[in-house]
Amino acid sequence: MSNDAAGRQTRFIVLLAALVALGPVSIDGYLPGLPDLAGDLRAGAAATQLTITACLAGLAVGQLIAGPLSDTYGRRRPLLAGLALYTIASALCAVAPDVRTLVGLRLLQGIGGAFGIVIANAMVRDRTSGTRTARLFSVLTLITGLAPVCAPVLGGQLLRVTAWPGIFVALAVLGAVLLAASAAVLPETRSASASRRPLPAVFGQLLGDRVFTGYVLANGLVFAAMFAYISGSPFVLQEIHGLSPQQYSAVFAVNAAGLIAAARISGRLVARAGARVLLLAGLLGATAGGTTVLGAVLTRAPLPVLLIGLFVLVSGVGLVMPNAAAQALADHGGHAGSAAALLGFSQFVFGAALAPLAGAGGATDALPMGIIVAVLPALALLALGVLTRSMPGERTRGPVRQGPAGHRRPRRNIDRGRAGIR
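*Asks:* Account for the overall build of the protein, naming residues and giving values.
*Replies:* Helix and strand counts for the protein come out as 14 helices and 2 strands. A buried classification covers 51% of the 422 residues belonging to the protein. The contacts in the protein between residues at least 6 apart in sequence include a share of 83% that link residues at least 24 apart. Counting only carbon and sulfur atoms, one obtains 67% of the accessible surface of the protein, whose full area is about 17700 Å².

Structure below.
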């Protein structure tokens, strides 16, 4: 690979990683400023929390909008439009006069940020195949795990020199930089000859593909288990086990490091082991970790046992997410945007619907969290086993690639004959 080609590849990967990080940064970056925000806008805790929920809802719904648009009109134009919406909404958040207005603007901000997530994933599928797809998804998963840890820290540092509106100004600047960089650097990766089918037909075909659905369910259920850990662990570890906020932050950082390490390992091993093997390993690890957490809760085991279970659970997610995404999109290059949209939408929907159950025990009972983090990975493993296995009389699905119109044809070599990341 020439130096020029290597430079283009590096810029491509870095920019895609930044687009994927935009969602987590938007959710977590302003968390340190929530108390001051509530005071300035004269809002209660519930109303202030709605600003988080609105952004999550925007990130979920926005993916269903961005995916089909990028399949119909190409990747660049919807991406630039989404980043423009994100930049404008972020700037307006800084001058919101009341919490209701801020909630509406956060919804728009989330929708704009969703375009970056979906289209980055679709571009990976457009430009790569086989193990290269899984390897690049491992990089994006690493960023997804790192961004929520770093964002509150950066937000807290910003609050040293500015008030909470300054965080939204910084997000607007970030959006503008990504908009300019995307316009200058990112090529159009959507094939001009690819099919453009009506939205209901595309989603119907995707959801009717039991193999695709199996990977989506496996990914979404495990992601929901991690959400349950995130929402339930502050109460379980601080209120029940007596950890200080600083100790809890250290535990959270260690678990995030486990996810990042697993994603890096996945990227290194996928060419040898294969994406499906690593996906199964991640699901088995997450199931073992969740079961350990539940066992620790039921037996009132020492805290280290609980912490080991949580670490194994979160680390398993680092193997599941990149490989589930690569497997889900492998046979759907003709409408990768819509496939990536359903994959991302399922994460947020399952997370939003199931994670709150982890807090049902409040600050006195860890059993709800233990049940959720044990059951969801097991269900994910079951969904993968049932939906992606070969049925009687059906040939095992081998490596395939998309034709110009999205039709499958046998792939002689999944790493040859394809332009893109080398």
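*Asks:* Pulling in residues and values, what's your account of the side chain of glutamine 63?
*Replies:* Here glutamine 63 lies in helix α3 (residues 45-73). Residue class for glutamine 63 comes out buried when judged on its relative accessible area of 1%. Here the side chain of glutamine 63 touches leucine 59 through a polar contact of 3.1 Å, landing on its backbone oxygen. Sequence-distant contacts of glutamine 63, that is, excluding residues within four places in its chain, are made with Pro68, Ala114, Ile117, Val118, Ala340, Ala341, Gly344, Phe345 and Phe348.

*Asks:* Could you give an account of the nonpolar core, naming the residues involved and the relevant values?
*Replies:* Within the largest apolar cluster, 105 residues are counted, with the highest numbers of intra-cluster contacts made by Leu16, Leu19, Phe168, Leu186 and Leu283. Of the residues forming this core, the biggest block, 15 residues, is contributed by helix α9 (residues 210-240).

*Asks:* So what about the packing of aromatic side chains? Which residues, and what values?
*Replies:* Taken as a whole and assessed by the stated rule, the structure comprises 5 aromatic pairs. Relative to phenylalanine 168, the ring of tryptophan 164 lies with its centre 6.1 Å away and its plane at 90 degrees, an arrangement referred to as edge-to-face. Placement of both tryptophan 164 and phenylalanine 168 in helix α7 (residues 164-185) is noted, with a separation of 4 residues, approximately one turn of the helix. Like phenylalanine 168, tryptophan 164 is buried. When the centroid spacing of 6.2 Å and the interplanar angle of 45 degrees are considered together, the rings of tyrosine 248 and phenylalanine 252 count as tilted. In this pair, tyrosine 248 and phenylalanine 252 are both assigned in helix α10 (residues 245-273), 4 residues apart and thus about one turn of the helix distant.

*Asks:* If you had to explain the pattern of salt bridges to someone new, which residues and values would you point to?
*Replies:* What the rule picks out here adds up to 3 salt bridges. Aspartate 71 is paired through a salt bridge with arginine 75; the nearest N and O atoms lie 2.9 Å apart. Assessed through its relative accessible area of 6%, aspartate 71 is described here as buried. Overall, arginine 75 belongs to the buried group, its relative accessible area being 0%. Salt bridges linked by common partners bring Asp71, Arg75, Asp126 and Arg190 together as one network.

*Asks:* So what's going on with the confidence of the model for the protein? Residues and values would help.
*Replies:* Mean pLDDT for the protein: 83, with 87% of residues reaching 70 or above. Confidence scores differ between elements of the protein, with strand β1 (residues 400-402) showing the lowest mean pLDDT of 40 and helix α4 (residues 76-93) the highest of 96. A low-confidence stretch, residues 393-422 (pLDDT under 50), is modelled with 70 contacts involving residues beyond four sequence positions or located in other chains.

*Asks:* Before we move on, could you go through unusual backbone geometry and cite the residues and values that matter?
*Replies:* One non-glycine residue with positive phi stands out, namely arginine 42, at about 55 degrees. Positionally, arginine 42 belongs in the loop between α2 (34-40) and α3.

*Asks:* With reference to specific residues and values, describe a nonpolar patch on the surface.
*Replies:* There is a patch of nonpolar side chains on the surface, built from Ile371, Val375, Leu379, Leu382 and Val386 and spanning about 400 Å² of accessible area. With respect to the element layout, leucine 379 can be found in helix α14 (residues 367-387). Residue leucine 379 is classed as partly exposed on the basis of its relative accessible area of 40%.

What counts and how
- Here, residues in each chain are numbered from 1, in the same order as that chain's written sequence.
- Side-chain atom pairs in this predicted model are given and counted only at pLDDT of 80 or more, local residue features only at pLDDT of at least 70, and totals for whole chains, interfaces and linings cover all residues.
- Water and hydrogen atoms play no part in the side-chain values, which are based on all heavy atoms of the structure.
- For helices the rule is a DSSP run of H or I covering at least 4 residues; for strands it is a run of E covering at least 2, with both sets numbered from the N terminus onward.
- Exposed residues in this analysis have more than 50% of their type's maximum accessible area, buried residues have under 20%, and partly exposed residues fall in between, with area computed by a 1.4 Å probe over protein chains only.
- We call two residues in contact whenever any of their non-hydrogen atoms come within 4.5 Å of each other.
- Each accessible area is a Shrake-Rupley estimate made with a 1.4 Å probe; only the visible protein chains count as cover when residues are assessed.
- Whenever a nitrogen or oxygen atom comes within 3.5 Å of another N or O atom, the pair is scored as a polar contact, on the condition that within protein one atom can donate a hydrogen and the other can accept it, and that pairs from neighbouring residues in sequence are kept only if both atoms are in side chains.
- Take the buried residues of types Ala, Val, Leu, Ile, Met, Phe, Trp, Tyr and Cys, join any two whose side-chain atoms come within 4.5 Å, and each joined set is a nonpolar core.
- Aromatic rings from Phe, Tyr and Trp, taking only the six-membered ring of Trp, are treated as a pair when their centres fall within 6.5 Å; an angle between ring planes under 30 degrees marks them as stacked, one over 60 as edge-to-face, and anything in between as tilted.
- The term salt bridge refers to a side-chain nitrogen of Lys or Arg lying within 4 Å of a carboxyl oxygen of Asp or Glu.
- In predicted models, pLDDT denotes the confidence assigned by the predictor to each residue on a 0 to 100 scale.
- Nonpolar side chains (Val, Leu, Ile, Met, Phe, Trp, Tyr) within 5 Å and like charges within 9 Å form the patches, drawn only from residues with over 30% relative accessible area and no salt bridge.

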